[in-house]
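# Close look at the chain arrangement
Residues per chain, in single letters:
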Amino acid sequence: MYNGVAEQRKNYKSDWRYRLTLLGIALALVVVVLGAFTRLVGAGLGCPDWPGCYGHLLWPNESHEIINANAAYPDNPVATDKTWPEMVHRYFAGILLLLVILLTVMAWRRPGQRAFYQTHILLFIILLQAAFGMWTVTLKLWPQVVTAHLLGGLATLSLLWIMAERLRDRCRLVSTQQFFALQKLRPLALVAISAVLGQIALGGWTSSNYAALACPDFPTCHGQWWPNANFNQGFNITQKIGPNYLGGALESDARTAIHISHRIGAIVVTLLVSLLAIGAWRAKARRWAQKLFTLLGLQLALGVANVVMFLPLPIAVAHNAGAALLLLGLLTFYYRINTAQTAIQRT
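Keep in mind that what you see is a predicted model, and the values were worked out from it rather than measured.

This paragraph deals with the environment of Leu151. As for its placement among the helices and strands, Leu151 is situated in helix 6 (residues 143–168). Each C-alpha atom of the pair Leu151 and Gly198 lies 9.7 Å from the other, and the pair is 47 residues apart in sequence.

Here you go:
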């Protein structure tokens, strides 16, 4: 049996699709973090055109280039501290797109291999992501598009992660008792994953509507447990774009409603992930229980720090990365529950 496991590991590690998928995961994580950085420094409209930047492949640097760019876009003068984050983000996203195309071509060379269909779903999602990237600029940071763009980036990262798991195809043997205990956790794991996705969407809506500091104190909001909040305006998905959405366009009570909703979502996620971690501990999957508690605790700490420290850039970016890691942790746990086997199943 040991030789079989060793051979299995050797096979997947020598598989170029597996290696490229790992590279794709790293690239996707960089793209998600760069996207958060670009949004948080207010560089979402650092380049008013797409796919170039003021008509340049990179961005205008020289004085004469900046003068010409300002003449061509008088309503969007060049801000050199805004142009480079946007274009660096676009180029990393473009490299990731090329890598996914390569993975798709490799999948077609061997149609019967693992993760064949996932590769094509991934290609569709990343092409849609490119469209959302364009619409983010052309629709002037419309929150609906910005939030969808964030979710698409996380969907890309998650699919690549699950593809790597499938390409490894490792058999995880557990006892019969542990197997049935883990299977009972599947519904709760799905609910927890759904809650985290909803919370990420709320986080994107909070960020794109510039509501992260709508409540400047914690755990209260404006010194109250339930302050004035306009939920109808805060979650009006038919809101007008205006000339652009940089800086947001909602009133204070609407932003407060969004912020409060994100806090409530954090409570729901905390309860669900904690219950799942406790269930994993009882099912003798104690390493997974520790991992889930660690990821959850880190994300909660970053969220609180964002409020009490008035949204420092490194912590705000780390909060976005933490959300991605928590989602990947839950997806991995769910995938490994589904692929776990007992000795009886192996015979």
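Before going further, it helps to examine the packing of helix 6 against helix 8 (residues 186–208). The contact between helix 6 and helix 8 brings their axes to 9 Å, and the two run at 140 degrees. Considered as vectors, helix 6 and helix 8 are oriented oblique to each other. Along this stretch, helix 6 crosses helix 8, giving a crossing that reads as right-handed. Contact residues: helix 6 offers Pro143, Gln144, Val146, Thr147, Leu150, Leu151 and Leu154, while helix 8 offers Leu197, Ile200, Ala201, Gly204, Trp205 and Ser208. Split by residue class, the contact of helix 6 with helix 8 holds nine nonpolar, four polar and no charged.

Roughly 1,100 Å³ of volume is contained in the largest pocket. Looking at the lining of the largest pocket, the elements that each hand over two or more residues are helix 2 (16–40), helix 6, helix 8, helix 10 (252–282), helix 11 (286–308) and helix 12 (313–339). When residues in the lining of the largest pocket are grouped by element, the largest group, nine residues, is from helix 10. For the lining of the largest pocket, the class distribution of residues is 29 nonpolar, 16 polar and two charged. Taken as a whole, the second largest pocket holds about 720 Å³ of empty space. Along the wall of the second largest pocket there are 33 residues; nearest its centre are His89, Ala93, Gln129, Gly133 and His149. Elements that contribute at least two residues to the lining of the second largest pocket include exactly helix 2, helix 4 (80–109), helix 5 (116–138), helix 6 and helix 8. Looking at the lining of the second largest pocket, its residues break down into 16 nonpolar, 14 polar and three charged.

The rules behind the values
Residues numbered from 1 in each chain as written. Predicted model: local features only at pLDDT ≥ 70, side-chain atom pairs only at ≥ 80, totals over all residues. Heavy atoms only, no water. Helix = DSSP H or I, 4+ residues; strand = E, 2+ residues; numbered from the N terminus. Axes fitted to C-alpha atoms, helices over the stretch in contact; angles between N-to-C directions. Parallel < 35°, antiparallel > 145°, perpendicular 65-115°, else oblique. Left-handed = near helix turned anticlockwise from the far one by under 90°. Contact = heavy atoms within 4.5 Å. Nonpolar A, V, L, I, M, F, W, Y, C, P; charged D, E, K, R; others polar. 1 Å grid on protein atoms, 1.4 Å probe; cavity = no way out; pocket = protein on both sides within 12 Å on 5 of 7 lines; lining within 4 Å. Points joined across faces, edges and corners; volume = space filled by probe spheres on them.

Treat this as a map of the structure, not an account of what it does.
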